[in-house]
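# Examination of the molecular architecture
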Amino acid sequence: MANVYDFTVKDRKGEDVSLKDYEGKVLLIVNTATGCGFTPHYDPLEEMYKDFRDKGFEILDFPCNQFANQAPGNDDEIHEFCTLKFGTEFPQFTKIDVNGDTADPLFAYLATEKPFEGFGKGLKNKAFDKIASKNNKKYGDKAYIKWNFTKFLVDRDGNVVKRFEPTYDMKELRKEVEAML
């Protein structure tokens, strides 16, 4: 695969969506969960989406239940939760796996392009790393995504330019997105 535009994913109704449909836009691709400590990231994500979508920015939301079963609902339940609680308007796709033999090919590609480099400094991040590592042991060497709300920034040409772990400051992430626009 040359870039993200070569992938086809499923929307929350199970229909194929070519990522070529997003060609020429800056993308933030995120694996999410409704019952995670990082679920409040939906607020700044939606704020960015509203502020930047007219400038060619899209957020692509992929729910995932592989991290401590924090997204147990079906696609409709997850969508209803996100729209009612956070007012999300950005595209949400079908729930997927991001790790292991059943990992969605898009996320296997993203994680290969921008591998995990750590959650950052500080005691809180070191403690979180232990929790995430314990969860990922079941995927062996196929554990590419460490936790919910891992974000990948993609430029207008479909190249993965940066990976943001869920511990990355959302205000700093916003600055990085804005700089790409």
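Along every chain, residues carry numbers that run from 1 in the direction the sequence is written. Totals for whole chains, interfaces and linings use every residue, but because this is a predicted model, local features are given only for residues with pLDDT of at least 70 and side-chain atom pairs only at 80 or more, for both listing and counting. Neither water nor hydrogens contribute to the side-chain values; these are computed over all heavy atoms in the structure.

### As for the packing of aromatic side chains
Put simply, the rule is: Here a pair means two rings of Phe, Tyr or Trp (six-membered ring of Trp) with centres within 6.5 Å. Their orientation is stacked below 30 degrees between planes, edge-to-face above 60, and tilted elsewhere. Helix and strand assignments follow DSSP, with helices taken as H or I runs no shorter than four residues and strands as E runs no shorter than two, numbered in order from the N terminus. Residue burial is assigned from relative accessible area. The probe radius is 1.4 Å, only protein chains are included, and a residue is buried under 20% of its type maximum, exposed over 50%, and partly exposed in between. Our definition puts a charge over a ring when NZ of Lys or CZ of Arg is within 6 Å of the ring centre and also within 35 degrees of the ring normal.
Inspection of every chain in the model, using the stated rule, returns 13 aromatic pairs. Ring centres of F62 and F93 lie 4.7 Å apart, and the angle between their planes is 10 degrees; this geometry places the pair in the stacked category. Here the residue F62 occupies a position in strand β4 (residues 57-63), and F93 occupies one in the loop between α2 (75-86) and α3 (105-113), the gap between them amounting to 31 residues. Ring geometry for F67 and W147: centres 5.5 Å apart, planes at 45 degrees, overall tilted. Here F67, found in the loop between β4 and α2, pairs with W147, found in the loop between α4 (123-136) and β5 (151-154); they are 80 residues apart in sequence, far enough to count as distant. Its relative accessible area of 5% is what places W147 among the buried residues. These aromatic residues form a ring-pair network of at least three members: Y42, Y49, F81, F86, F90 and F149. Across from the ring centre of F116, 5.3 Å away, lies the NZ or CZ of K146, which sits over that ring.

### A closer look at the pattern of salt bridges
The condition that has to hold: Salt bridges are defined as contacts in which a side-chain nitrogen from Lys or Arg sits within 4 Å of a carboxyl oxygen from Asp or Glu.
The final tally for this structure, using the stated rule, is 11 salt bridges. Two residues, K13 and D76, come together in a salt bridge whose shortest N-O distance is 3.3 Å. Highlighted residues: K13 in the loop between β1 (8-10) and β2 (16-18) and D76 in helix α2, separated in sequence by 63 residues. For R174, the salt bridge goes to E47, with nearest N and O atoms at 3.7 Å. Note that R174 is positioned in helix α5 (residues 170-180) and E47 in helix α1 (residues 42-52), a separation of 127 residues in sequence. The partly exposed category is assigned to R174, whose relative accessible area is 21%. Residue classification places E47 among the partly exposed positions, given a relative accessible area of 46%.

This is a description of form; function is not addressed.
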